[in-house]
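# Summary of the model geometry
Here is what each chain is made of, one letter per residue.
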Amino acid sequence: MQVVPYEVEGWGVGELYFVEDRLVYHELPRAGSAESAGHPLVPRLAAYFSGDRVSFADVELDLEWMTSFQRAVADALRAVPYGETVTYGELAALAGHPNAYRAAGSFCARNRFPLFLPCHRVVAAEGLGPYGSLGSGYKRRLLELEGAVI
């Protein structure tokens, strides 16, 4: 496994985990400092966190472990446009399982690829909603970076 650290000014240090050329896990930046490694995704991540509109749709992700439901949710997440949001219920419907909003939320909570499967674009019906260990403030910051109306 190759671990690629990256540092983003104002955000901190994150890590990308690869097996061969396939991304198997992504850690969003948190407070700290480290020297960014030389990988083609690092400048794209830096551009995204600088406020540039960056797509990660072409990044190959390791999705082989997913059930068919999880794969449908992952595909639906990748289809949510930059700067837009959907509710957990809308995400479930986009995945073809309109009554599975809680399961869609559980998938988001365990998402291994936070920017590549942009679960920060999924909000609760009554507001912003949670964002795992990073908290709703981090989620709000990502959405504001993309210009999303919250």
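As shown above, the structure is provided for reference.
The present account deals with the structure reproduced in this document. (Residues numbered from 1 in each chain as written. Predicted model: local features only at pLDDT ≥ 70, side-chain atom pairs only at ≥ 80, totals over all residues. Heavy atoms only, no water.)

### Looking at the environment of Ser 55
Here Ser 55 shows up in the loop between helix 1 (41-49) and helix 2 (68-79). Classification of Ser 55 by relative accessible area gives partly exposed; the value is 48%. The sequence separation of Ser 55 and Gln 2 amounts to 53 residues, and the corresponding C-alpha distance is 23 Å. Of note is the side chain of Ser 55, whose polar atom sits 3.2 Å from the backbone nitrogen of Ala 57. (Helix = DSSP H or I, 4+ residues; strand = E, 2+ residues; numbered from the N terminus. Buried < 20%, exposed > 50% of the residue type's maximum accessible area, 1.4 Å probe, protein only. Polar contact = N/O pair within 3.5 Å; in protein donor to acceptor, adjacent residues only side chain to side chain.)

### Regarding helix 5 (residues 135-145)
Taken residue by residue, helix 5 has Tyr 138, Lys 139, Leu 142 and Leu 143 as its buried positions. For helix 5, the angular spread of buried residues about the axis comes to 135 degrees, placing them on one side. Turning to helix 5, the residues buried within the fold contact strand 3 (22-30), helix 1, helix 3 (88-94) and strand 5 (122-123). Looking one or two residues beyond helix 5, the residue adopting positive phi is Gly 147, at roughly 75 degrees. (Arc of directions from axis to C-beta. Contact = heavy atoms within 4.5 Å.)

### Points about the nonpolar core
By size, the foremost hydrophobic cluster in this structure holds 47 residues, and its most contacted members are Leu 16, Phe 49, Phe 56, Leu 77, Leu 91, Leu 115 and Phe 116. Those elements that provide at least two residues to this core are strand 1 (2-8), strand 2 (12-19), strand 3, helix 1, helix 2, helix 3, helix 4 (101-109) and helix 5. Apart from residues lying up to four places away in sequence, Phe 116 is in contact with Leu 16, Leu 23, His 26, Leu 41, Leu 45, Phe 56, Val 59, Leu 61 and Arg 78. (Core = buried A, V, L, I, M, F, W, Y, C linked by side-chain atoms within 4.5 Å.)

Any link to function would need more than the numbers given here.
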